[in-house]
Amino acid sequence: MQHEQLAAFPEDFLWGASTSAYQAEGAWDADGKGPSVVDLHLHRPEGVTDFTVAADHYHRFREDVELFAELGLTAYRFSIAWTRIVPDGDGEVNPAGVAHYHRVIDALLARGIEPVVTMYHFDLPAALDAKGGWSERSTIEAFERYARILFQEYGSKVKHWLTINEQNMMILHGKAIGTTGRSGQVEGRELYQQNHHMFLAQAKAMALCHQLLPGAKIGPAPNIVSVYPATCAPEDVVAADDWDAIRNLLYLDLAVRGSYHPLAWVYLKAKGWEPEILDGDLELLAEAKPDFLAFNYYSTQTVGASRGDASDIQVRGGDQQVVRGEIGLYRAVKNEHLPVNAFGWEIDPVGFRTTMRRLWDRYRLPLIITENGLGAFDELVDGRVHDDYRIEFLKLHLEQIQLAISDGVEVFGYCPWTAIDLVSTHQGVSKRYGFIYVDRTEDDLKQLARVRKDSFFWYQDVIASGGDSLSS
Ligand code: BGP
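In this report, the structure presented in the accompanying data block is examined. (Residues numbered from 1 in each chain as written. Predicted model: local features only at pLDDT ≥ 70, side-chain atom pairs only at ≥ 80, totals over all residues. Heavy atoms only, no water.)

**Here's the deal with the overall build of the chain**
Each helix and strand counted, the chain has 15 helices and 15 strands in total. Taking 472 residues into account, the globule formula puts the C-alpha radius of gyration at 23 Å, and the chain, at 21 Å, falls close to it. By its C-alpha atoms, the chain is 55 × 55 × 45 Å across when sized along the principal axes. Within the chain, the fraction of its 472 residues that count as buried is 62%. Taking contacts inside the chain between residues at least 6 apart in sequence as the whole, the part at least 24 apart equals 76%. Split by element, the accessible area of the chain, about 17,400 Å² in all, is 52% carbon and sulfur. Each charge class in the chain was averaged separately, 44 positive and 67 negative side chains, and the resulting centres sit 1 Å apart. (Helix = DSSP H or I, 4+ residues; strand = E, 2+ residues; numbered from the N terminus. Rg over C-alpha atoms; globule rule 2.2 N^0.38 Å. Buried < 20%, exposed > 50% of the residue type's maximum accessible area, 1.4 Å probe, protein only. Contact = heavy atoms within 4.5 Å. Areas by Shrake-Rupley, 256 points an atom, 1.4 Å probe, with all protein chains shown as cover. Lys, Arg positive; Asp, Glu negative; His and termini not counted. Charge placed at Lys NZ, Arg CZ, Asp CG, Glu CD.)

Take a look at the structure:
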């Protein structure tokens, strides 16, 4: 649909940016923090990913918040490290960790920046993992208790909560991201049992939030892609629907409707992977209602009908945006209409609009984008970072938000990945996303100086104009 005139961004639109605790904070064992599965992951043989110092955001958050204020952010989406609050996941509360996030939240509020808090972004406490992690129902109770602590401590200050970041990526690519630790080595049925337990934990957190904090809003934050059929051949459309169910709708339907998507359930049953569901589980899932849908968007994916042989198993894309075919189901296909970034991720701004329209159409919940961005090997030259490629990427995606709003979709915020450079999940610190450059390399921490990139000044203009500068 073409619009003669585009709708304006809402007055109270949340102009944000994102980070996660383990990728930005560093200070991985400071002030009583316990180890998480991602901290253990840094010892993996390749040795690429080191989260011990990261951007040192833990110690430099005041300086960073000042920069966020200068940028004009009206929201900052960050995660709280479970292991700072409860170092072993289910034992003693760590007052120093609790105090830290009070300081962060207070600093943000003092500068008029709304905190959008992720409760759990890949960093399961290692002590819980050692006890079986999400394979055990006791982890559900541990998460509920952690959620209660967060709501009681920060509930008077935080109005937007995100439960679990990218549960679908933890299930589909947990080993690659290194997010599920020892229990991440599990596959098949046990993996989907973990998935079921995470949903129960999320449902309990949503119910508790509504019970304790009537004024707050809470929602899930999966990674969502629109799935395209390779051609208009009906068999390709069926394959696209199948992959959409397994990758997206399984997670969305459980979070929003509290029920297993029928196609996804048939898939799990066919594999022998359906989780054990205890009495009361489905009621709990159905009763917990999110107030909004947050999602991370980087790309779309294209699949074709299975050929029924090994040629189905082709890998397209990269990292967590990878698509692998599955014999009898679908095969990954290159979308000839789309460019790819340096990491093989297809770039699809129009697909972003499609994704928002589809989410709105299916769930009719307000949307907030909690990640979207371009990873690149930025270079600092004479004190400047000319990241015009990032400006282009973000501009094209923001234009699609305005189109989606004009289409009637309710979108209330945009938090691109990332506010400030941090450690990527796969390619260390060299792959950068931020508006603010952090001057360090993999091996040399230098001064960790903060430098405003060209995209910083561009986004500052966009925010100051309430989005009007996009069309000028
Ligand atoms: C998402 C994660 C983020 C972030 C992002 C970019 O899947 O939620 O934590 O890392 O992807 O990925 P990468 O760091 O691999 O470039």
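**What to know about the sheet that holds strand β1 (residues 14-15)**
Strands pair in a sheet through their backbones, by hydrogen bonds, and they do so in one of two ways: parallel or antiparallel. Across the sheet, four strands lie side by side as β1-β13-β12-β7; this open sheet has parallel pairing. Two strands bound the open sheet, and with one partner strand each, they are β1 and β7 (293-296). Across two bridges, β1 lies against strand β13 (residues 411-414) in parallel orientation. The residue of β13 that forms the bridge with leucine 14 is glycine 413. The strands touched by helix α14 (residues 388-406) are β1, β12 (367-371) and β13; relative to β13, the strand with the most contacts, the crossing angle is about 170 degrees. (Pairing = 2+ DSSP bridges. Axes fitted to C-alpha atoms, helices over the stretch in contact; angles between N-to-C directions.)

**Observations concerning the sheet that holds strand β11 (residues 330-332)**
On the basis of which strands lie adjacent, the open sheet formed by three strands has the order β6-β8-β11 and mixed pairing. Since the sheet does not close on itself, it has two edges, and those belong to β6 (227-229) and β11, each with one partner. Each adjacent strand pair in this sheet contributes to an overall mean axis angle of 40 degrees, direction not counted. When β6 meets strand β8 (residues 301-305), the two strands line up parallel, connected through three bridges. Looking across to β8, one finds that valine 227 is bridged to glutamine 301.

**A short note on the site of the ligand**
Taken together, 16 residues sit near the ligand, with Gln23, Glu166, Thr425, Lys431 and Tyr433 positioned nearest. Within the side chain of glutamine 23, a nitrogen or oxygen atom sits 2.7 Å from an oxygen atom of the ligand. At a separation of 2.9 Å, an oxygen atom of the ligand approaches a polar side-chain atom of asparagine 165. Protein contacts shield 100% of the accessible area of the ligand, which totals 380 Å² for the unbound molecule. Here the shell around the ligand is composed, by residue class, of five nonpolar, eight polar and three charged. (Near = heavy atom within 4 Å. Polar contact = N/O pair within 3.5 Å; in protein donor to acceptor, adjacent residues only side chain to side chain. Nonpolar A, V, L, I, M, F, W, Y, C, P; charged D, E, K, R; others polar.)

**Re the environment of isoleucine 401**
Residue placement: isoleucine 401 occurs in helix α14. You can call isoleucine 401 buried: its relative accessible area is 0%. C-alpha of isoleucine 401 to C-alpha of alanine 288: the two residues are 113 residues apart in sequence and 28 Å apart in space. Setting aside anything within four residues of it in sequence, one finds isoleucine 401 in contact with Phe9, Phe13, Phe352, Met356, Ile369, Val411 and Tyr414.

**Quick notes on a negative patch on the surface**
Together, Asp50, Glu442, Asp443 and Asp444 make up a negatively charged patch on the protein surface. Assignment of secondary structure puts aspartate 443 in the loop between β14 (436-439) and β15 (449-452). (Patch = residues over 30% accessible without salt bridge, like charges linked within 9 Å, V, L, I, M, F, W, Y side chains within 5 Å. Salt bridge = Lys/Arg side-chain N within 4 Å of Asp/Glu carboxyl O.)

**Re the pairing of strand β2 (residues 75-79)**
β2 sits mainly inside the fold: five of its five residues count as buried. Alternating residues of β2 divide into Ala75, Arg77 and Ser79 and Tyr76 and Phe78, and every residue in both groups is buried. Pairing geometry for β2 and strand β3 (residues 114-120), over five bridges, is parallel. Within β3, the position partnered with serine 79 by the bridge is threonine 118.

**Things to note about helix α3 (residues 57-71)**
The terminal C-alpha atoms of α3, which comprises 15 residues, lie only 17 Å apart, well short of the 21 Å expected from a rise of 1.5 Å per residue. Along α3, the largest kink reaches about 45 degrees and is centred on glutamate 63. After α3 finishes, the residue glycine 72 shows a positive phi value of roughly 100 degrees. (Expected span 1.5 Å × (residues − 1). Bend = angle between axes of the 7 residues up to and from the residue.)

**Structural notes on the pattern of salt bridges**
Taken as a whole and assessed by the stated rule, the structure comprises 26 salt bridges. For glutamate 25, the salt bridge goes to arginine 84, with nearest N and O atoms at 2.8 Å. Taken together, the residues span a long stretch of sequence, with glutamate 25 in the loop between α1 (21-24) and α2 (37-41) and arginine 84 in helix α4 (residues 82-85) at a distance of 59 residues. The exposure classification of glutamate 25 matches that of arginine 84, with both residues buried. Linking lysine 453 and aspartate 378 is a salt bridge whose minimum nitrogen-to-oxygen distance equals 2.6 Å. With lysine 453 in the loop between β15 and α15 (454-464) and aspartate 378 in the loop between β12 and α14, the pair connects residues that are 75 residues apart, well separated along the chain. We note that lysine 453, like aspartate 378, is buried. Here the salt bridges do not stand alone but share partners, grouping Asp378, Asp387, Arg390, Asp421, Arg432 and Lys453 into one network.

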